[in-house]
Amino acid sequence: MRSLTALSLAVFLCLGGCRGNDDQTNPGGSDGGQVDPTKTPDSGTVTPNGADTTIFKITSGEVGEGTQVVLRDVVVTAIDGHGKYTGDMYVQDPLGGPGSGLKLFMPQRIDGGDLADLRPGDHVKVEGPIKYYSPKDGFNDDKFPNKTHIKEIEGAKISHLGAGDPPTPAAVTPEDLLGAESAEGWEGVLVKVENVSVTKPVGKYGDFRVTGNLAVDDDLYPHNPAVGECLSVTGISVYFYGFRLNPRGAEDIAVGSGCAVAPMLSIKDIQDESSANHPAVDETVKVSGVVTAVDGRADDHPGDKYEGFWIQDGTGAYSGIYVYYTWDASAQNKPVEGDLVEVTATYKEFYDVSELSGVTFSSQG
């Protein structure tokens, strides 16, 4: 979560990536019903300090930064209780849809209760100033060059109004959450993507990737699925150096069905571009082969990780390939020279060298 320490580390932490609107109706927009993700509000605002407003008016830019606002009745969708920085909250307008979600940065309850006692579905009143957060050096996002800030309410005062049912997550696709025209509207909203395959395992920044290259992050809950798993994921769509989905707990990650099955290919299919079955780069594939060599450099440097092995499924040209996989000496699952293994992975070209990355493998004997 954001703090002075986190801000100082923002450039370092976000080299790997941590908020969506197609032409869907915004019930509170001032422009006839559409959220304009590129709109920058004037310094003046039609909403005076301390006046009632809606989340839609905040996210559309109708109410400007620094304005003190009151949200009379919004629904809690998530409370951050995971990781080093905790205490942020997400709320949503009961109407739902694009433009209906908002982050509260470090809110405080003023009704005598504790923030941790709130649950998704609770109705609350929110009072506080609108903040446009951006890192010191900007986001510098090539894919979303107009993304200059994250709209939120900072230091909000919260009063509990009563319990209720959590909102139904909006059904979206990875393309909705990453699209240039749609992503901004879904920022801060509780959404669900169904039947997506895991294409990359958890990386050093805590996120894994699913169909469409959507990042599923660990800000609210950590998860470590295997490449090739079919999932349905519910969570809050957020932006931080890229749009990503944040599930809130184990119940938000369910087994999916109907995902495309990774094709079983020969290594020649992958290595030989003239093969009729040659996959596209970043496609998830399956191969089997005998381990012919294993990285042993860590043998001479205790504490280092082993990195990669090679497999082969024949004796001719194009029958071998490098498998990019890291492990340490204590790992339960590690490649052994001579073993027959089945590998599920993402096909990559690394400086024109074909390899399998994001690997799950099992020994077949």
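Heads up: the structure comes first, above all this text.
It should be emphasised that the depicted structure is a prediction, and the values quoted were computed from it without experimental measurement.

Some points on the overall build of the protein chain
Within the protein chain one finds 6 helices and 20 strands. Of all 365 residues assigned to the protein chain, the portion counted as buried reaches 48%. For the protein chain, the computed accessible surface area is about 17,100 Å², with 50% contributed by carbon and sulfur atoms.

Side note on the sheet that holds strand S19 (residues 340–350)
The strand order S16-S17-S18-S20-S19 describes a closed barrel built from 5 strands, whose pairing is mixed. Taken pair by pair, the neighbouring strands of this sheet meet at an average axis angle of 55°, ignoring direction. Strand direction decides the pairing type here: S19 and strand S20 (residues 353–363), joined by 9 bridges, are antiparallel. Bridge pairing in S20 places Val343 opposite Phe361.

Describing the state of the cysteines
Among covalent bonds in proteins, the disulfide is the one between the sulfur atoms of two cysteines. Enumeration over the complete set of coordinates arrives at 1 disulfide. A disulfide bridge connects Cys230 with Cys259, and the sulfur atoms are separated by 1.9 Å. Measuring the twist about the S-S bond at about 75°, one finds the Cys230-Cys259 disulfide to be right-handed. Note that Cys230 is positioned in strand S13 (residues 230–239) and Cys259 in the loop between strand S15 (253–255) and helix H6 (267–271), a separation of 29 residues in sequence. With relative accessibility at 17%, the residue Cys230 sits in the buried group. Using a relative accessible area of 14% as the deciding quantity, one classes Cys259 as buried.

Considering the pairing of strand S16 (residues 284–294)
Where S16 meets S19, 7 bridges bridge the pair, whose relative direction is antiparallel. When the sheet's bridge partners are listed, Thr284 is paired in S19 with Thr346. As defined by bridge partners, S16 adjoins strand S17 (residues 306–312) across 4 bridges and the pair is classed as antiparallel. Bridging from a neighbouring strand, Val291 pairs with Ile311 of S17.

Things to note about the nonpolar core
Leu177, Val191, Val193, Val210, Leu214, Val233 and Leu245 are the most contacted members of the largest nonpolar core, which totals 26 residues. At the level of secondary structure, the elements contributing two or more residues to this core comprise helix H4 (174–178), helix H5 (183–186), strand S10 (190–200), strand S11 (208–210), strand S12 (214–216), S13 and strand S14 (243–246). Apart from the residues lying within four places of it in its own chain, the contact partners of Leu245 are Leu177, Val191, Val193, Leu214, Ala215, Val216, Asp217, Val233, Gly235, Ile236 and Ser237. Within the second largest apolar cluster, 22 residues are counted, among which are Phe309, Val323, Ala331 and Val343.

Let's talk about the packing of aromatic side chains
A complete count under the given rule lists 13 aromatic pairs for this structure. Measuring from centroid to centroid gives 5.2 Å for Phe139 and Tyr241, while their planes differ by 80°, and the two rings are edge-to-face. Taken together, the residues Phe139 in the loop between strand S6 (123–133) and strand S7 (150–154) and Tyr241 in the loop between S13 and S14 connect sequence positions 102 residues apart. For Phe139, a relative accessible area of 4% translates into the label buried. One aromatic cluster is present, built from ring pairs that chain together Phe139, Phe144, Tyr239, Phe240, Tyr241 and Phe243. Note that Lys147 overlies the ring of Tyr239, its terminal NZ or CZ placed 5.2 Å from the centroid. A cation over a ring is seen here: Lys151 above Tyr132, with NZ or CZ 5.2 Å from the ring centre.

Notes on the pattern of salt bridges
In a structure, side chains of opposite charge can pair up when their charged atoms sit close to one another. Tallying each qualifying case throughout the model produces 14 salt bridges. Salt-bridge contacts for Glu194 lead to Lys192; the nearest nitrogen and oxygen are separated by 3.9 Å. Measuring nitrogen to oxygen at the nearest pair gives 3.7 Å for the salt bridge that ties Asp207 to Arg244. Here Arg244 lies in strand S14 and Asp207 lies in the loop between S10 and S11, a separation of 37 residues in the sequence. Using a relative accessible area of 8% as the deciding quantity, one classes Asp207 as buried. The network of salt bridges with shared partners includes Asp207, Arg209, Asp217 and Arg244.

Some details on unusual backbone geometry
With phi around 65°, Asn213 is a residue other than glycine that occupies positive phi space. You can see Asn213 is positioned in the loop between S11 and S12. Overall, Asn213 belongs to the partly exposed group, its relative accessible area being 41%. A positive phi angle, near 80°, is found at Asp282, a position not held by glycine. Among the structural elements, Asp282 can be located in the loop between H6 and S16.

Observations regarding the pairing of S20
The side chains of a regular strand alternate, first on one face of the sheet and then on the other. Here strand S18 (residues 320–327) runs beside S20; their pairing, made up of 2 bridges, is parallel. Its bridge partner lying in S20, Val323 is registered against Leu356. Linking S19 back to S20 in an antiparallel pair, the connection comprises 2 residues, with Tyr351 at a positive phi of about 50°.

Observations concerning the environment of Gly81
With respect to the helices, strands and loops of the structure, Gly81 is situated in the loop between strand S2 (68–79) and strand S3 (89–92). Classification of Gly81 as exposed rests on a relative accessible area of 68%.

Thresholds applied
Residues numbered from 1 in each chain as written. Predicted model: local features only at pLDDT ≥ 70, side-chain atom pairs only at ≥ 80, totals over all residues. Heavy atoms only, no water. Helix = DSSP H or I, 4+ residues; strand = E, 2+ residues; numbered from the N terminus. Buried < 20%, exposed > 50% of the residue type's maximum accessible area, 1.4 Å probe, protein only. Areas by Shrake-Rupley, 256 points an atom, 1.4 Å probe, with all protein chains shown as cover. Pairing = 2+ DSSP bridges. Axes fitted to C-alpha atoms, helices over the stretch in contact; angles between N-to-C directions. Disulfide = S-S within 2.5 Å. Core = buried A, V, L, I, M, F, W, Y, C linked by side-chain atoms within 4.5 Å. Contact = heavy atoms within 4.5 Å. Phe/Tyr/Trp six-rings, centres within 6.5 Å; stacked < 30°, edge-to-face > 60°. Lys NZ or Arg CZ within 6 Å of the ring centre and 35° of its normal. Salt bridge = Lys/Arg side-chain N within 4 Å of Asp/Glu carboxyl O.

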